Amino acid sequence: MPDIDKKDRPATSVTDQEALDFHATGRPGKLEVVPTKPMATQRDLSLAYSPGVAVPVKAIAADPQTAYDYTARGNMVAVISNGTAILGLGNLGALASKPVMEGKAVLFKRFADVDSIDLEIDTENVDEFINCVRFLGPSFGGINLEDIKAPDCFVIESRLRELMDIPVFHDDQHGTAIIAAAGLINALELTGRDLKTTKLVCNGAGAAAIACIELIKAMGFAPENIILCDTKGVIYQGRTEGMNQWKSAHAAKTDTRTLEEAMDGADVVFGLSQKGAFSAEMIRSMADRPIIFAMANPDPEITPEEVARIRDDAIMATGRSDYPNQVNNVLGFPYIFRGALDVRASTINDAMKIAAVKALANLAREDVPDDVVAAYQGNRPRFGSQYIIPVPFDPRLISAIPVAVAEAAIETGVARKVITDMAGYARELSARRDPIASTLASLYERVRRRPKRIVFAEAEEEQVLRAALSYANQQLGTAILLGREDLIRSTAERAGIDLNRPGLEIVNARISTRVEAYIDYLYARLQRHGYLHRDVQRLIHNDRNHFAATMVALGDADGMVTGITRNYSTALDDVRRCIDEKPGHRVIGVSLALCRGRTVFVADTAVHDMPTAEQLADIAEEAAGLARRMGYQPRVAMLAYSTFGHPSGERSERVREAVKILDKRRVDFEYDGEMAADVALNRKVMEQYPFCRLSGPANVLVMPAFHSASISTKMLQELGGSTVIGPILVGLDKPVQITSMGAKDSDIVNMAAIAAYGAGS
Ligand SMILES: NC(=O)C1=CN([C@@H]2O[C@H](COP(=O)(O)OP(=O)(O)OC[C@H]3O[C@@H](n4cnc5c(N)ncnc54)[C@H](OP(=O)(O)O)[C@@H]3O)[C@@H](O)[C@H]2O)C=CC1
Ligand SMILES: CC(=O)C(=O)O
Ligand SMILES: [Mg+2]
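Residues numbered from 1 in each chain as written. Chains lettered and ligands numbered in written order. Predicted model: local features only at pLDDT ≥ 70, side-chain atom pairs only at ≥ 80, totals over all residues. Heavy atoms only, no water.

1. Some details on the environment of D127
Reasoning step 1: Among the secondary structure elements, D127 is positioned in helix 6 (residues 126-134).
Reasoning step 2: Note: C-alpha distance between D127 and D152 (25 residues apart in sequence) is 9.9 Å. (Helix = DSSP H or I, 4+ residues; strand = E, 2+ residues; numbered from the N terminus.)

This is the structure:
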C-alpha cells in the first residue's frame, strides 16, 4: 500500500486543529433549531401551543395528509446512523458518527433548503436498529440512512422500505451510485468508450460498491466486464471466504485473484474501500486513458498527485472537495430528497435515481456560470477530464435535479402530490436558493417570448463575451458584440467561445456602414452644446458607449448594456448625450435588494445627489412604476431619519414636502412618509402609527439622498446577506443598463435581460 505523504495534500486542505476549532467554536457542533413562527407574545404562545395547537391536532387526526400543511414533516429528513462505517474510517460507533451526521443535516439545508436532524442509534443489532427507526415515520418526510456497514445496511434498508411509507434511502449506497454513474457516463464519453465493452474493477464490496455496481448494470454495463474486490481480493464465482449473498450476486467468472491482477488492462477502477488501496503499479498497468474514481473518504485510494506522477492520460476523481472531479454523494442527496419531498413521494425508486444520474451528467456538459468559477477558485471549468461532474456549489443543481426526480416519481406513480407546472416548480426551486432567481426567471421568460437585439458595448472583455453567449444561449435574443473584430475573436478563442453560433453578431464601429448616420444624429444633438463635428466623429469612431447608445437611439438595436470598463456616472453621461429622458419621466437608478425571501426596491441609487422635494416625488413615481412592471404591488415609503415629524428637523422637511406633492398628483399607488426604515419595513413598528396609509410593510424605499441610498444598499449586501441587483436605470427613452465595473457575467446577463424587458418584452 503506498504511503501518502502529507506534502501530497492539496493546498486547500485543512489542518486537524482547524477542523477541531471549526466544530468547537461558538455553539458546539454545526446545528441549531430555529422556530419559524413568532414566539414573542402571549398570543403567539396561545397559537403555537395550548390551546391553539389543539386545532391542527384534531385536523391531522381526521386527515393525516394535513400533517404536510400544519407541521414541518413535509420538509424534514432524519439522517440516521449507527456509526458502523463512518466514511472510510470504519466502525467507530454511533457517538463518533455525530459530526458526520450533523454535517449531512446542514448540507441538506445549505444546498436544498431541506430541514434535517441527525439521529445516532447506539446499536449494531440489525433488528433493534430497524425497530428504533420504523416508528419514526410520523416525524419525517424521509429517512436518510448513513454510514451503516454492509451487509447490515442492505437488510436494514430493505426492511425499512417495506415498513415505512416515506422514502428510506441509504445515501452511501444510492447517493454514491448516482454520482459515480453520472461521472462515469461523462468519463466514458470523453474517452470514447462504450458502456457495453468497458472493463471495470471495483475495489470494495460494501454498501457503496454494491449499489454502484447494481446501478451501472441497470444502466447497461455488461456484467461480465465487472470485477469486484474486497479485503480478500477478487470476488470470483465459487469463492467461499468472506462472502455474503450481495457479493455472490456479483461474483465474476475469472481466473484473476488479486486486485493487482484485476486492474491489469482495466479501463475503469472504482475505489470504495480505504485510503491508499491502489498502488502506483496497479495504476500503471491500466489501459490507455484510464478512468480512476478513488472515492474513499476522507483520503482516497490514491491521490491525484500520485496518479499524475505515474501517467498523464488518466481521468481522475476523488470524493474530496479540494480536488477537481468530486464524486461525492453530497451532489445528490439534498436534491434527490428535495424532489421526493415536493411530490410527497412514498419511496425513491430506480426511475428517480436514473433521472438524477442523467440530469447530473447533462449539467456537466453545459457552459458554466460565474458562481461555479468561484467554486473552482477562479478557474472556469470546461467539460473535460478535469470537469466531468458539477461542483456542489453549482447553482443549477437545485433546479435541475429535483425536477428530474419529481417528474420520474410522478411518472412511476409514487408521488402523492402531482406538480403540473414543472417550469414554475423549477423557478420555485431556484428561489429556495436565491430569492432573486424567481423574480428574474419570470422576467427572462417574458423576454424569451419576445426576444430582443441587445448591444453589448464592451464585447472585447471576456466576461461580456460570456454574458453575450449566455444571452444568446438562453434564447433571449441576438447579442450584438461591439468592438474590434480581431480583439473580440482573440478573446473568444482564449475563452473557448464559439462565435459562429446563431444569436451572436459582431459590429465593428470602424467599418460600420451606419457611422455617417450616427454622426449626423449625434451632431444634431450636440452642436449647440459645445461639440464640433470632428468631436462627434471622434465619439462615434472611438467611443463604444456613444456608438452603442446611438445604435439604440436609431433603432439598430433594442437596448444596450455597458459599464464594465468605465465608472457608472461616466457611462451614464455618455449614454445621456445620445438618448433623452422619456417624456414626462425622470432618469433614476433603482436597486433591488433581496433578503430572506423579501424584495425591496431602493431608489435613487444612481443619479440624484440631494434630490429636491419635487425630485423625490418623481423618484417615488419612477420606482413604483418599475416595481409594478416587475410584478409587485408598490407600497412606497418616503424614508428619513424621523417618522411623521419626530424628531423634528430641517432635513426631513424635503421628504414631508414630497409626500404633499404626491398627494397633489393623485398617484395610483400606496405611499406615505416621512418615516424611518424600521417603521417602513416592520409591520409591528408600523402599527404604532395607525394613521399610516401603507397597508403593509413597504417594498419600495425612496431614500432622502444618494448617499443614504448607496450606503444602505451596500450595507445590506455586505452585512445583511442580501442579493442586490442594480442600480437599474429607469426613465430613459430607450432601454440602457449600466453594470458596476468588474461585474460578473451573470450580472451582465441580468442587466441585458432587464434592458430587453424594458424594450417591451
Ligand atoms: N465518495 C463518496 O460519495 C462515498 C464514498 N464512500 C467511501 O467508500 C468506502 C466504503 O464505504 P461503505 O461502502 O459505506 O463501507 P462498508 O463498510 O459497507 O464497505 C467497505 C468495503 O470496503 C472493503 N475494503 C475495506 N478496505 C479494503 C481494502 N484495503 N481493499 C479492498 N477492499 C477493502 C470491505 O471489504 P470486506 O467486505 O472484505 O470487509 C468492504 O467490502 C469508504 O471509504 C467511504 O468513505 C462511501 C460512500 C460515499
Ligand atoms: C461521502 C460519504 O457519505 C462517505 O464517505 O461515507
Ligand atoms: Mg457516508
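From this point, things continue past the structure.
2. A word on the pattern of salt bridges
Reasoning step 1: Taken as a whole and judged by the stated rule, the model has 44 salt bridges.
Reasoning step 2: The salt bridge involving R656 is made with E674; its shortest N-O contact spans 2.8 Å. Of this pair, R656 sits in helix 27 (residues 653-665) while E674 sits in strand 18 (residues 670-675); the two residues are 18 residues apart in sequence, bridging distant segments of the chain.
Reasoning step 3: Several salt bridges share partner residues, and in doing so they unite R586, E614, D618, E621 and R665 into one network. (Salt bridge = Lys/Arg side-chain N within 4 Å of Asp/Glu carboxyl O.)

3. A few points about the nonpolar core
Reasoning step 1: Of all hydrophobic cores here, the largest spans 99 residues; its most connected members are I143, L200, F270 and F293.
Reasoning step 2: Those residues in contact with I143, other than ones at most four positions away along the chain, are A78, I80, V133, M164, I166, P167, V168, F169 and F337.
Reasoning step 3: Membership of the second largest hydrophobic core comes to 68 residues, among which are L440, L465, I564 and M638. (Core = buried A, V, L, I, M, F, W, Y, C linked by side-chain atoms within 4.5 Å. Buried < 20%, exposed > 50% of the residue type's maximum accessible area, 1.4 Å probe, protein only. Contact = heavy atoms within 4.5 Å.)

4. So, the site of ligand 1
Reasoning step 1: Within the structure, ligand 1 sits among 26 residues, and T176, A205, A208, T231 and K247 are positioned closest to it.
Reasoning step 2: In the model, an oxygen atom of ligand 1 is placed 2.9 Å from a nitrogen or oxygen of the A208 main chain.
Reasoning step 3: One nitrogen or oxygen atom from the main chain of V327 is found 3.0 Å from a nitrogen atom belonging to ligand 1.
Reasoning step 4: Protein contact buries 85% of the 910 Å² of open area that ligand 1 shows by itself. (Near = heavy atom within 4 Å. Polar contact = N/O pair within 3.5 Å; in protein donor to acceptor, adjacent residues only side chain to side chain. Areas by Shrake-Rupley, 256 points an atom, 1.4 Å probe, with all protein chains shown as cover.)

5. Some remarks on the sheet that holds strand 4 (residues 168-170)
Reasoning step 1: Judged by pairing direction, the sheet is parallel, and its four strands sit side by side in the order 2-1-3-4 without closing on themselves. The sheet is open, and its two edges are formed by strand 2 (115-120) and strand 4, each paired on a single side. The average angle at which neighbouring strand axes cross in this sheet is 25°, direction not considered.
Reasoning step 2: Direction of pairing for strand 3 (residues 142-145) relative to strand 4: parallel, over a ladder of three bridges. When the bridges of strand 4 are listed, I143 appears paired with V168.
Reasoning step 3: In the packing of helix 5 (residues 98-112) onto the sheet, the strands contacted are strand 1 (76-81), strand 2 and strand 3, and the crossing angle to strand 2 comes to about 165°. (Pairing = 2+ DSSP bridges. Axes fitted to C-alpha atoms, helices over the stretch in contact; angles between N-to-C directions.)

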